[in-house]
Amino acid sequence: MDHPRTPSNESTPKTRRRFGTLFLVAGVLIVEAAAFVGFMTFSGGPETAHAGGALDVVATDPDRAVVETLVLDARLQNNRSGVTYVCDTEIWVQVRGRHLGAVEQEISRLNNEIRAEINATWKASEPRHLREPGLETVTRKIYALLSDRFGHDLETGEPVILKCVIVAGTGFRADA
């Protein structure tokens, strides 16, 4: 004899299948999300560097700290190419803290002489040297000029001028 099917018998397997499918999809999504978060955590890259120890060393001995001081802030000209170019230029030097006062005093005392020497060096520079991205050649020339002027520390033997930094604009034609 045929058993009549009741609606409740028929809906129970379909409901179970629907919930089973829903649980399966939700489980897969949760596993994928966990895998994604884990991947992002491990592939986040290295932690940022912290220079706390180096800063403490500099702060404890200000005489050994490297500081910058301005030597010249002027518009320098160069006409070696036949056309006069003017360039807004700042020249800075890096010195140890113990030499800062003496260097600043010498710069203020002989400001015009130092300015004339730097200006002559800039004017004599080849145009290709003024087009270098880091002005390496001109920086070397001005560093040598300033290093000769300020000499070496008598105690340590290191040069008073540790580094020369030139901050220069791109320049513009002055005769156009």
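Computed from a predicted model, the values in this text were never measured in an experiment.

**Q** Give a detailed account of the overall build of the protein chain, specifying residues and quantitative values.
**A** In terms of helices and strands, the protein chain carries six helices and four strands. The linear arrangement of helices and strands in the protein chain, starting from the amino end, is α-α-β-β-α-α-α-α-β-β. Out of the 176 residues belonging to the protein chain, those deemed buried represent 24%. In the protein chain, once contacts between residues fewer than 6 apart in sequence are set aside, the share between residues at least 24 apart is 68%. A total of about 12600 Å² of accessible surface is found on the protein chain, and carbon and sulfur atoms cover 57% of it.

**Q** Explain the pattern of salt bridges to me, using residue names and the numbers behind them.
**A** As enumerated under the stated definition, the model contains ten salt bridges in all. Of the charged contacts, one joins Arg80 and Glu126 as a salt bridge, the two residues approaching to 2.5 Å between their closest N and O atoms. You can see Arg80 sitting in the loop between strand E1 (66-78) and strand E2 (85-96) and its partner Glu126 sitting in the loop between helix H4 (111-124) and helix H5 (127-130), a full 46 residues away along the chain. The salt bridge involving Arg96 is made with Glu158; its shortest N-O contact spans 3.1 Å.

**Q** Let's hear about unusual backbone geometry: which residues, and what values?
**A** For Leu135, which is not glycine, the phi dihedral falls at a positive 50 degrees. By the element assignment, Leu135 lies in the loop between H5 and helix H6 (136-150).

**Q** Describe a positive patch on the surface, listing the residues and the values that go with them.
**A** A cluster of basic residues, Arg128, Arg131, Arg140 and Lys141, forms a positive patch at the surface. For Arg128, the position within the fold is in helix H5. We classify Arg128 as exposed; its relative accessible area is 53%.

**Q** Requested: an account of the pairing of E2, with residues and values cited.
**A** Bridging between E1 and E2 involves twelve bridges; their strand directions are antiparallel. From the neighbouring strand, Leu76 faces E2, where its bridge partner is Cys87. With antiparallel pairing between neighbouring strands as the criterion, E1 and E2 make up a hairpin whose turn holds six residues, including Gly82 at a positive phi of roughly 95 degrees. Alignment of E2 against strand E4 (residues 172-173), held across two bridges, turns out to be antiparallel. Bridging across to E4, Val86 finds its partner in Phe172. Looking at chain direction, E2 and strand E3 (residues 163-168) are connected through six bridges and run antiparallel. In the sheet register, Glu90 faces E3, and the bridge partner there is Val167.

**Q** Now, about H6: what can you tell me, with residues and values included?
**A** For H6, which comprises 15 residues, the first-to-last C-alpha distance of 21 Å matches the rise-based estimate of 21 Å (1.5 Å per residue) to within 8%. Buried within H6 are the following residues: Thr137, Val138, Thr139, Ile142, Leu146, Ser147 and Phe150. Considering only its buried residues, H6 is in contact with E1, E2, helix H3 (100-109), H4, H5 and E3. A positive backbone phi angle near 70 degrees is found at Gly151, which sits one or two residues after H6.

Cut-offs and rules
Residues numbered from 1 in each chain as written. Predicted model: local features only at pLDDT ≥ 70, side-chain atom pairs only at ≥ 80, totals over all residues. Heavy atoms only, no water. Helix = DSSP H or I, 4+ residues; strand = E, 2+ residues; numbered from the N terminus. Buried < 20%, exposed > 50% of the residue type's maximum accessible area, 1.4 Å probe, protein only. Contact = heavy atoms within 4.5 Å. Areas by Shrake-Rupley, 256 points an atom, 1.4 Å probe, with all protein chains shown as cover. Salt bridge = Lys/Arg side-chain N within 4 Å of Asp/Glu carboxyl O. Patch = residues over 30% accessible without salt bridge, like charges linked within 9 Å, V, L, I, M, F, W, Y side chains within 5 Å. Lys, Arg positive; Asp, Glu negative; His and termini not counted. Charge placed at Lys NZ, Arg CZ, Asp CG, Glu CD. Pairing = 2+ DSSP bridges. Expected span 1.5 Å × (residues − 1).

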